[in-house]
Each structure stands twice: as structure tokens, then as C-alpha cells.
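Architecture at a glance
One letter stands for each residue in the lines below.
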Amino acid sequence: MVRDKVLILEDDDASRTQLVDIFRDQYKILEATNEKQGVDILRKHAASIVVILVNISIPAKNDFQVLQRLSKKKFCRQIPFMMITSEETSSYEKRGYEYGIVGYIKKPFYPDTVKQLVDNVVDVFQYKLKLEVMVKNQNQKLKKQNEMLQQLAEKQRTMNRILIESLSNIVEFRNLESEQHIKRVREFTLCLGNSVMKLYPEYELTAEKIQTIGWASSLHDIGKIVIPDHIILKAGKLNEDEYEVIKSHTTKGAEIIEKLIHLENEEFCDYAYDIARHHHEKYDGNGYPDGLKGEEISIAAQIVSLVDVYDALTSRRVYKAAYKTEKAYQMIVNGQSGVFSSKLLKAFTEVRKPFEIIVAKYSDD
């Protein structure tokens, strides 16, 4: 609707007539002589009123009474109010501004000055309204775009997860690991990762990073797909040469991730590469393939290293029976299954019971 009306809220007939004469050629004029008339007109014509000129002492000599009530009804936010007054004091003007008026029309009236002043106020307020509409429309547009991007991102994450699970399941399909191994490792990783995050903020882990590490852990053994069946399925003890071939699954897995797996999530790929290559490193430097020691090993690889050992101990393999969770826990904290950092072991003790629940939930039996 076009804003083409001026509401003159003034009980003095002479003043009102003067203002009508000033604006009759430019706007449609709405007149009110008391507050009730003014409010009724506002409610009916608010969308088409461009400015309101108000004498604040209507209906009695209680200054600011009308303006105060109109302000409470939030009319001042929708339409610019200008006060008709003969007052000159700064404190008086300040109070009017506090109620939301945008300017003063001083008595006696000088037509050209009054007209220019009102035109300026109208132009500024209309420009403000246009900007607000533009901003609102732009925000709505951005909101829709963000929703679309979020949907696309979620679709991409879903596709990535399907790809990751498909790749990780290749190992299980060849019977290279227990049926639920990948699921357990991922759940163990999330659980232990959250414990490390709470206990040791210096690692700068976040919930989002832990989720990424959890998914990256799914590919920790992807390199085993290139290990010959006669070695990886061997029930007896491996000889030295066979053990070296088995150990190569770390570097082979990192190579597969680096050269063959191309996902938009660079952080995931970095974690997956690191975990695949370094999940058999040990804190004392006696691991492989790079012999990393202490904090040279990333916290992500340290976490997956421990949970991989825990799962290996509590699962049935072609070369061993499963240990009870109590026995597996004691073997790890006592250093019988390799050396882990004291921080990691502390975090591990905090999730002992949740680990047992995960073992039961994803049991192979």
C-alpha cells in the first residue's frame, strides 16, 4: 500500500488549519482533534500514513500524555511522529525524543520551513523502511540458502558415511576381522575421545573433532585388504617375514587413503591417514611403522591404538579366544599389551564400564 496520508492530531483549530493548508497539495490529510479520534484513524489507516503531526497536550494539559500512550501502542515504531509545540527548552525536547518522536514543528509555523522539515523526515523514514524490507528479504533469502546448504552438507555427510562403512566392511567381508570389529572400534573411539576431551583440554579436542576421529577410525585397518589370505587368516604363529607383511597394512592403508579416497572433508582424510599409519605406534617408541615416541604420536592415533588393542583382546580371532573384559582391562593398564601414556590410561579408567557395555552391545555371538 502506498503511504500518501498525513495525520494531523491537533486540537487547536487555527494550527490544524495552517498545517492542512501547507500539506494539502502534497498529501491526503487526516485530521483528529482528540486522542480517541487519532487512535481510531491510526488503526484504520496506519499502513498508508506517511507521517503524524501531533500536539502532545491533547486532550488536556498533561504534557506527553498522548505521546506516551501512543508510544506504548508501538505506533511510533511504524510511522514517524513529529511534535507540534511552542516549547523551547532542551529538557522538554529530550523527553519527546525519549518517547520516539523524530522531530519538532515549532510554532509559529513558517510554511516553507515546515514543509521541508517534514519532507526530510518522510524521506529518511521511508528510506529506513525500504532498508528494513531489503534486509528482511535478504535474511530470508540467506536463511533459505543456508537451509539448502545444510541439506546438501547432510546429504554429503550421509554419502561419505556410506562410503566409509562400505570400505571398512570390506575387511569384515573377507573375514579378516570379527564381524562387529569396526562398529566397536568406532564406539570405543567416541567414548574414549570424550573422556580425553574432558580430562585434558590441552589436546584441543572438540565434540566435532571426536566425531570425525570416530568415523576416521573405521578405516584404520583398510590396508589389510592387500594382505594375502594365507597370512592374515593363518591360525598359527606368524614367522618373521609374514609378520613384516602384516605390519605393512599400516603404510598400505595410509597409501590407499591418500591416493584412492577423495572426500571433501579434508580434516577427515587427514585423521584417517594418520590413524591408518600410526595406530600401531607405541608411547615408548617400540611401535611401527615409524617408531614414533611419546607425543610424536597424535592423540587421535593414540586413542585408536588403545581401543584397537582392547577390541583385539576382548574378541575371538582365528589365532586366539576372547578375553573377559576384566582381564583385557588389567592387561592394558598393567602394560602387558604395549605402553600407553598415563593420560590416556587415566581417560581409559574413566570409561571402563561404558567399554563393557559396548562389548556386550556389539557382541559377535
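The following paragraphs examine the structure supplied in this document. (Residues numbered from 1 in each chain as written. Predicted model: local features only at pLDDT ≥ 70, side-chain atom pairs only at ≥ 80, totals over all residues. Heavy atoms only, no water.)

**Some details on the pairing of strand β4 (residues 81–85)**
Condition: Per-residue accessibility, obtained with a 1.4 Å probe over protein chains only, is compared with the maximum for each type, and a residue is labelled buried under 20%, exposed over 50%, and partly exposed between these values. Strands are runs of DSSP state E lasting at least 2 residues, helices are runs of H or I lasting at least 4, and numbering of each runs from the N terminus. Strands are treated as partners if at least two bridges between them are detected by DSSP. Clockwise travel from the first strand over the helix to the second, with the strands pointing away from the viewer, marks a crossover as right-handed.
Most of β4 sits inside the fold, with five of its five residues counted as buried. The two faces of β4 match: F81, M83 and T85 on one face and M82 and I84 on the other face are all buried. Here strand β3 (residues 49–54) runs beside β4; their pairing, made up of three bridges, is parallel. Along β4, the bridge assignment pairs L53 with M82. As defined by bridge partners, β4 adjoins strand β5 (residues 103–106) across four bridges and the pair is classed as parallel. Within β5, the residue paired with M83 across the bridge is Y104. Between β4 and its parallel partner β5, the chain crosses via helix α5 (residues 90–98), and the hand of that crossover is right-handed.

**Comments concerning the pattern of salt bridges**
Filter applied, for reference: Whenever a carboxyl oxygen of Asp or Glu lies within 4 Å of a side-chain nitrogen of Lys or Arg, that contact is scored as a salt bridge.
All chains considered together, the criterion is met by 19 salt bridges. A salt bridge links K234 to E242; the nearest nitrogen and oxygen atoms lie 2.7 Å apart. Since its relative accessible area comes to 26%, K234 is described here as partly exposed. E242 sits in the buried class, given a relative accessible area of 13%. Shared partners join several salt bridges into a network, and the residues in it are D4, K5 and K28.

**A look at the nonpolar core**
As a rule of thumb, soluble globular proteins bury nonpolar side chains together. Heads up, the rule is: Throughout, nonpolar core names a set of buried Ala, Val, Leu, Ile, Met, Phe, Trp, Tyr and Cys residues whose side chains join them through atoms within 4.5 Å. Whether two residues are in contact is decided by their heavy atoms, any of which lying within 4.5 Å being enough.
Membership of the largest hydrophobic core comes to 47 residues, with the highest contact counts inside it found for L192, V196, I332 and F355. Broken down by secondary-structure element, the contributors of at least two residues to this core are α7 (181–199), α8 (207–217), α11 (249–260), α12 (266–278), α13 (299–314), α14 (325–333), α15 (342–350) and α16 (352–361). Per-element accounting of this core gives the leading share, nine residues, to α13. Leave out the neighbours within four places in its chain, and L192 touches I303, L306, V307, L344, A347, F348, V351 and F355. The next biggest cluster of nonpolar side chains, apart from the first, holds 18 residues, and it includes I22, Y27, V50 and V121.

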